[in-house]
Amino acid sequence: MANRSYLYSADSMPTEDDIPQSIRCVSQHNWAVPLAHKLLTGYGTTIVPSMIWSPRIGIAADYDRGATLLRNVLKAVGQGLEEDDEFVQCVEKTASHLERQRAAYFVLETGEMISLSDEDPVAAVQRLVSADIPAAVAQAEAAVLGENDEWLASVRAGWQEHLGSFYSSALYYSFPE
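Per-chain numbering applies: the sequence of each chain, read as written, is numbered from 1 onward. Local features in this predicted model are restricted to residues whose pLDDT is 70 or higher, and side-chain atom pairs enter the listing and the counts only when it is 80 or higher, whereas totals over whole chains, interfaces and linings include all residues. In computing side-chain properties, one takes all heavy atoms of the structure into account and sets aside hydrogens as well as water.

K.L.:
I keep staring at the overall build of the chain and nothing clicks. Help me out?
P.N.:
When you go through the chain residue by residue, the secondary structure sums to seven helices and six strands. By the criteria applied, helices consist of DSSP H or I runs no shorter than four residues and strands consist of E runs no shorter than two, each listed in order from the N terminus. Secondary structure elements in the chain, listed N-terminal to C-terminal, are β-β-α-β-β-α-α-β-α-α-α-α-β. Taking the principal axes of the C-alpha coordinates as reference, the chain spans close to 45 × 35 × 30 Å. As presented, the chain carries roughly 8500 Å² of accessible surface, and 49% of it is formed by carbon and sulfur atoms. Residue exposure ignores everything except the shown protein chains as possible cover, and the areas themselves are Shrake-Rupley values with a 1.4 Å probe.

This is the structure:
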């Protein structure tokens, strides 16, 4: 069994008392919180109660701004991968799925991933929100502006690892409609 990070969309953020009424599955990624999930949750990022696990280890963020950043990064990464059919299909599938699952917020569930280390889960999520996600967004924004070619080249070289998540309307942890 693989440990995964899970990404959902919802029209409200989870609270201590309730989870959103309509939760749409967006993506899951095995063995990592990939760059794509970090970029998608890069704006208006806040820690919220998890919809799956007990600790307060969920991450919510602005859907539209995150989706726009990922689309811009995919476009920049794609310059040089125009002939890579697998990458082209990944971009098309990602873009169409993000459009179908559009909501007000992304909700990232990282419980399986952060449980792999000895770090306190709450501290691990705090680090993601305060350091890892903002650093990824800063690198991506600079790359989109043409100011970070080295980072862009490294993402391009390992695009499957960074951007090739499983996008589907049904994930390992799905919520009833």
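From this point, things continue past the structure.
K.L.:
Please clarify how unusual backbone geometry should be interpreted in this entry.
P.N.:
Most peptide bonds adopt trans geometry, and most residues besides glycine take a negative phi value. Notably, Trp 31 is not glycine yet its phi reads approximately 65 degrees, a positive angle. Note that Trp 31 resides in the loop between β2 (23–30) and α1 (35–40). Residue Trp 31 is classed as exposed on the basis of its relative accessible area of 51%. Per-residue accessibility, obtained with a 1.4 Å probe over protein chains only, is compared with the maximum for each type, and a residue is labelled buried under 20%, exposed over 50%, and partly exposed between these values.

K.L.:
Before we go on, may I ask you to explain the packing of aromatic side chains in this structure?
P.N.:
Between two aromatic rings, the relevant description is the distance of the centres plus the angle of the planes. Any two rings among Phe, Tyr and Trp, with Trp reduced to its six-membered ring, count as a pair given centres within 6.5 Å; such a pair is stacked if its planes are under 30 degrees apart, edge-to-face if over 60, and tilted if neither. All chains considered together, the criterion is met by four aromatic pairs. Ring geometry for Tyr 6 and Tyr 8: centres 6.5 Å apart, planes at 20 degrees, overall stacked. The burial state of Tyr 6 is the same as that of Tyr 8; both residues are buried. Taking 5.1 Å as the distance between ring centres and 80 degrees as the angle between the ring planes, the aromatic pair formed by Phe 87 and Trp 159 counts as edge-to-face.

K.L.:
Just to check I follow, could you spell out the sheet that holds strand β3 (residues 46–48) for this structure?
P.N.:
Strand pairs in the sheet, formed through backbone hydrogen bonds, run parallel or antiparallel to each other. Strands sit in the order β3-β4-β5-β1-β2-β6 across an open sheet of six strands; the sheet is antiparallel. Each edge of the open sheet carries a strand with a single partner, namely β3 and β6 (166–167). Any two strands with at least two DSSP-identified bridges between them are counted as paired. In this structure, β3 lies alongside strand β4 (residues 58–62), joined through three bridges in antiparallel fashion. The partner of Val 48 across the bridge, within β4, is Gly 58. By definition in these notes, contact holds between two residues if any of their heavy atoms fall within 4.5 Å. For every element, the axis is a line fit to its C-alpha atoms; helices are fit only across the contacting stretch, and the angle between N-to-C directions ranges from 0 to 180 degrees. Sitting on the sheet, helix α2 (residues 63–78) touches β1 (4–10), β4, β5 (105–109) and β6, and the angle it makes with β4 is about 80 degrees. Strands in contact with helix α5 (residues 121–144) are β3 and β4; relative to β4, the strand with the most contacts, it is inclined by about 35 degrees.

K.L.:
I keep staring at the nonpolar core and nothing clicks. Help me out?
P.N.:
Soluble globular proteins tend to pack their nonpolar side chains together in the buried interior. In this structure, Leu 39, Leu 70, Val 77, Leu 98 and Leu 163 are the most contacted members of the largest nonpolar core, which totals 42 residues. Secondary structure elements with two or more residues in this core: α1, α2, α3 (85–100), β5, α4 (111–114), α5, α6 (149–157) and α7 (159–163). The nonpolar core is taken to be a set of buried Ala, Val, Leu, Ile, Met, Phe, Trp, Tyr and Cys residues, with the residues joined through side-chain atoms within 4.5 Å. One finds Tyr 6, Tyr 8, Cys 25 and Phe 175 within the second-largest nonpolar core, a separate group that totals eight residues.

K.L.:
Whenever I open this one, the pattern of salt bridges confuses me. Can you help?
P.N.:
Side chains that differ in sign of charge can pair as their charged atoms come close. For this document, the term salt bridge refers to a Lys or Arg side-chain nitrogen within 4 Å of an Asp or Glu carboxyl oxygen. Using the criterion set out here, one finds six salt bridges in the structure. Residues Arg 56 and Glu 16 are paired through a salt bridge, measuring 2.5 Å at the closest nitrogen-oxygen approach. In this pair, Arg 56 is assigned in the loop between β3 and β4 and Glu 16 in the loop between β1 and β2, connecting sequence segments 40 residues apart. For Glu 16, a relative accessible area of 59% corresponds to the exposed category. In this structure, Arg 127 and Asp 132 form a salt bridge, with 2.5 Å as the shortest nitrogen-oxygen distance. For Asp 132, a relative accessible area of 24% puts it in the partly exposed group.

K.L.:
Help me understand the packing of α2 against α5 in this model?
P.N.:
Each pair of packed helices can be described by the angle between their axes along with the distance between the axes. Axis separation between α2 and α5 bottoms out at 9 Å; the angle between their running directions is 50 degrees. With respect to their mutual orientation, α2 and α5 come out oblique. When the axes of α2 and α5 are compared, the crossing they make is left-handed. Residues Leu 69, Asn 72 and Val 73 of α2 touch α5, and the partners they reach there are Val 137, Ala 140, Glu 141 and Val 144. We call Asp, Glu, Lys and Arg charged. Ala, Val, Leu, Ile, Met, Phe, Trp, Tyr, Cys and Pro are nonpolar, and the rest, Gly among them, are polar. The residue inventory of the contact of α2 with α5, partitioned by class, reads five nonpolar, one polar and one charged. Note on terminology: angles under 35 degrees are roughly parallel, angles over 145 are roughly antiparallel, angles of 65 to 115 are roughly perpendicular, and the others are oblique. By definition, any crossing whose near helix is turned counterclockwise from its far helix by less than a right angle is left-handed, and any crossing with a clockwise turn is right-handed.

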